[in-house]
Amino acid sequence: MKEEENEFNPVVYSEKEMETIENHIEQHFGKFDEVFHEIISPDIHVDICVVNPTKEKNYYTLVTMGMGAHVMNVPKEWQNNNTRAEILVTLPPDWNLKSDEEADYWPLRWLKILARLPISEDTWLGWGHTVPNGEPFAENTELSGVILELPYTSGEESPTCKLPNGDIVNFYQMIPLYEEEMNYKVEHGTDELFDRFDDDFTPVIDIQRKNYLATPMGTPGKTMNLSRASRSAHIEPDPDRLKEYDIYIEKSKKDKLKALFWVLIFGGVAFTLISKGYGWWALIPGVFVLYNLFSLIMQLIATPKMAFSSGLLIPGIVVETNPVKVLAMAEMQNNDDAPVCWGLKVLTSPKWPETNPQIGERIPCVSLFGGSYKGVWVNMEPRPLIWGTGDKEVLNNAISAIDENEWEIINKLKDKALNNSKIENDVVYFNKDLTEKISE
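What counts as what
- Residues numbered from 1 in each chain as written.
- Predicted model: local features only at pLDDT ≥ 70, side-chain atom pairs only at ≥ 80, totals over all residues.
- Heavy atoms only, no water.
- Salt bridge = Lys/Arg side-chain N within 4 Å of Asp/Glu carboxyl O.
- Buried < 20%, exposed > 50% of the residue type's maximum accessible area, 1.4 Å probe, protein only.
- Pairing = 2+ DSSP bridges.
- Helix = DSSP H or I, 4+ residues; strand = E, 2+ residues; numbered from the N terminus.
- Axes fitted to C-alpha atoms, helices over the stretch in contact; angles between N-to-C directions.
- Contact = heavy atoms within 4.5 Å.
- Expected span 1.5 Å × (residues − 1).
- Bend = angle between axes of the 7 residues up to and from the residue.
- 1 Å grid on protein atoms, 1.4 Å probe; cavity = no way out; pocket = protein on both sides within 12 Å on 5 of 7 lines; lining within 4 Å.
- Points joined across faces, edges and corners; volume = space filled by probe spheres on them.
- Nonpolar A, V, L, I, M, F, W, Y, C, P; charged D, E, K, R; others polar.

## As for the pattern of salt bridges
Within this structure, the stated rule accounts for 17 salt bridges. With a closest N to O distance of 2.7 Å, Arg-109 and Glu-102 form a salt bridge. What makes Arg-109 partly exposed here is its relative accessible area of 35%. The partly exposed category is assigned to Glu-102, whose relative accessible area is 30%. Its salt-bridge partner being Arg-383, residue Glu-381 comes within 3.5 Å of it at the nearest N-O pair. Overall, the relative accessible area of 25% leaves Glu-381 in the partly exposed class.

Here's what the structure looks like:
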């Protein structure tokens, strides 16, 4: 019984200290009508005060209340007024605070993680400290770490609260970062990181905000399947847009199930042959097992997200509008020694985002490739960039990142390619001199 009492005997503010903290939050961050009370508190008792959106501050402000009851283990040279802290975060007015889905709950979870980190790690947190998550916080964002900054838009006196005993409690704002931003901060420091943020930066969490250290549009992508795109878009696509517009997602599901089916079938045959003593005969179905297993693994690796981040950025033009059909073109040789070979393919998009495109309109696309035969790729899956983002600046930058020569070539080849009846199902190939390459 005594052990349970010790285990659940959290460090808490005194009554007067709590009153001081509450008054500070209401004075500088806003009146809170709701508090998310912690049910189990093994070390400190951390509640979260909820300041609702107002006309002046159209966002939620969530503030921890209880973290500062613990005196952090701060190095002597940094101890002056740095031993106590509380953390806050600001969220859009449409954020679902009542949801326990990770896409909604992670900011609250991270307030509690940060509140307890000084205890669990016997350390301290202060201005400019970063904490990585190791992976994106949720499926709908690539944000994957946080940095602590002084509170934005809350006045010069909002960062510090003086307790009755004279101790200072510092209030820090949790700012989510992308992995590239985290790495930049570690290498260059906090001030230089914030110098990279432009005037459009807002401390209110935007799960799809611009990555200020993102790899520039048009630079090489990451290595995939032992190859590397010479020019990639490097964007994080909106998953909701992909679900609505990406015609390959359903096909990919069927292909994965098909590959898994054959793995199980041929695997069963191989197992039966081995069990009956026909080990050598089992090599034949074993080869098919390996082939389909490899195909399945490649499909699991080559996600739509990967196409937008590291796929090849290629030109496309609208050739029909009802439904929208886009003719896309890419260099199809898969090694540096192979001669230039242009591949063209038409994709039909039953639904088109936002606006009605015009015949001949330039449509930047990204594509993954697969299968190899005599030095060229056999499969090509062009995805219009607009399937993943509606950001006009991104789309225009993508058009500019594609060589003007390629836009000219696709227009020269358009009529020849469209005259080929296979263009909507297969890749049609052209030589360097723009004459059609007959499949062997």
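Having seen it, we continue.
## With respect to the sheet that holds strand 16 (residues 376-384)
Pairing between the strands of a sheet comes from backbone hydrogen bonds, and it takes one of two forms, parallel or antiparallel. Spatial ordering of the open sheet is given by 11-15-16, a layout of three strands whose pairing is antiparallel. Pairing within the sheet leaves two strands with one partner each, and these edge strands are strand 11 (312-314) and strand 16. Between one strand axis and the next, the sheet turns through 40° on average, direction left out of account. Across three bridges, strand 11 lies against strand 15 (residues 365-373) in antiparallel orientation. Within strand 15, the position partnered with Ile-314 by the bridge is Cys-365.

## Quick notes on the side chain of Arg-241
Within the secondary structure, Arg-241 sits in helix 6 (residues 239-245). Ignoring any residue separated from it by four or fewer positions in sequence, one finds Arg-241 in contact with Asp-246, Pro-353, Glu-354, Ile-386, Trp-387, Gly-388, Thr-389 and Gly-390.

## Side note on helix 11 (residues 404-418)
Spanning 15 residues, helix 11 covers 21 Å between terminal C-alpha atoms, matching the ideal 21 Å at 1.5 Å per step. Maximum bend of helix 11: about 35°, positioned at Lys-412. When helix 11 is considered as a whole, its buried residues turn out to be Glu-406, Trp-407, Ile-409, Ile-410, Leu-413 and Ala-417. In the core, the buried residues of helix 11 are packed alongside strand 12 (316-321), strand 13 (324-331), strand 14 (341-349), helix 10 (392-401) and strand 17 (428-431).

## Focus: empty space enclosed by the protein
What the rule picks out here adds up to two cavities of 30 Å³ or more. The wall of the largest cavity is formed by Leu-143, Ile-175, Pro-176, Phe-201, Thr-202, Pro-203, Val-204, Ile-205, Asp-206 and Arg-209. Here the lining of the largest cavity is composed, by residue class, of seven nonpolar, one polar and two charged. As a volume, the second largest cavity reaches approximately 30 Å³. In this structure, the second largest cavity is lined by Ile-44, Met-67, His-70, Met-72, Ala-85, Ala-115, Pro-118 and Ile-119. Per-element tally for the lining of the second largest cavity: the top contributor is helix 3 (residues 102-120), with three residues. Class assignment of the residues belonging to the lining of the second largest cavity gives a composition of seven nonpolar, one polar and no charged.

Everything listed here is a matter of coordinates, which is why it stays silent on function.
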